[in-house]
Amino acid sequence: GFRDYFVKGCVDIAQPDIAASGGLSEFVKICALASTFGVTVIPHVWGSAVGLAAGLHAVATMPMSPFTANPSYLENEPVIEFDRNPNPLRDDILKGLKFQIGPDGAVGVPMDKPGLGIEIDEDAVKRFHAPVKSRGLVSKL
């Protein structure tokens, strides 16, 4: 885990992937541990719209680091990795929402719906399904 890297001083910036590191609860724990060791956290967000929505919500809860009364963009405000390349798993699986960078350089946190603030287009997801055969079982949607 991240603790060993922090203890040994191996990283200046930690990039936990919320989807791969245990979800939002584990992300909060990693952030607390990183803060203890003075390590900046920028979530790694790559892949689907669900992961990006989770990352945006997580970043919205993060404090400035280091804290200041006069925040400076990219100096102490929380930031998120945002891939601008075409990505159907990000761009095509949501109903009524496209993640975009606004005129202020920010990506809005979706809050119009319960949970992560997004609604999945299940028909779009089915287009990306690839059956996986394991031990005689076949996955189905």
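That block above? That's the structure.
Just so it is clear, the structure is predicted and the values come from calculations on it, not from any experiment. (Residues numbered from 1 in each chain as written. Predicted model: local features only at pLDDT ≥ 70, side-chain atom pairs only at ≥ 80, totals over all residues. Heavy atoms only, no water.)

Student: Any chance you could explain the overall build of the protein here in plain terms?
Tutor: The secondary structure content of the protein amounts to five helices and four strands. Order of helices (α) and strands (β) in the protein, N terminus to C terminus: α-β-α-β-α-α-α-β-β. Dimensions of the protein, computed from C-alpha atoms along their principal axes, come out at roughly 50 × 40 × 25 Å. The burial tally for the protein puts 27% of its 141 residues in the buried class. Residue pairs in contact within the protein that sit at least 24 positions apart in sequence constitute 59% of those at least 6 positions apart. Of the roughly 9,500 Å² of accessible surface on the protein, a fraction of 55% belongs to carbon and sulfur atoms. (Helix = DSSP H or I, 4+ residues; strand = E, 2+ residues; numbered from the N terminus. Buried < 20%, exposed > 50% of the residue type's maximum accessible area, 1.4 Å probe, protein only. Contact = heavy atoms within 4.5 Å. Areas by Shrake-Rupley, 256 points an atom, 1.4 Å probe, with all protein chains shown as cover.)

Student: Would you explain the pattern of salt bridges in this entry?
Tutor: Once their charged atoms are close, side chains differing in charge can pair, the charge on each being opposite to the other. Overall, the coordinates contain six salt bridges when judged by the stated rule. Arg90 serves as the salt-bridge partner of Asp83, at 3.9 Å between the closest nitrogen and oxygen. Judged on exposure class, the residue Asp83 and its partner Arg90 are both buried. Look at the salt bridges and you will find they share partners, linking Asp83, Arg90 and Asp91 into a network. (Salt bridge = Lys/Arg side-chain N within 4 Å of Asp/Glu carboxyl O.)

Student: I would appreciate a short explanation of the packing of aromatic side chains in the present structure.
Tutor: The description of two aromatic rings rests on the distance between their centres and on the angle between their planes. The tally for this structure, following the rule as stated, stands at two aromatic pairs. An aromatic cluster is present here, built from Phe2, Phe6 and Phe37 joined pairwise through their rings. In this structure, Arg90 packs its charged tip against the face of Phe82, placed 5.6 Å from the ring centre. (Phe/Tyr/Trp six-rings, centres within 6.5 Å; stacked < 30°, edge-to-face > 60°. Lys NZ or Arg CZ within 6 Å of the ring centre and 35° of its normal.)

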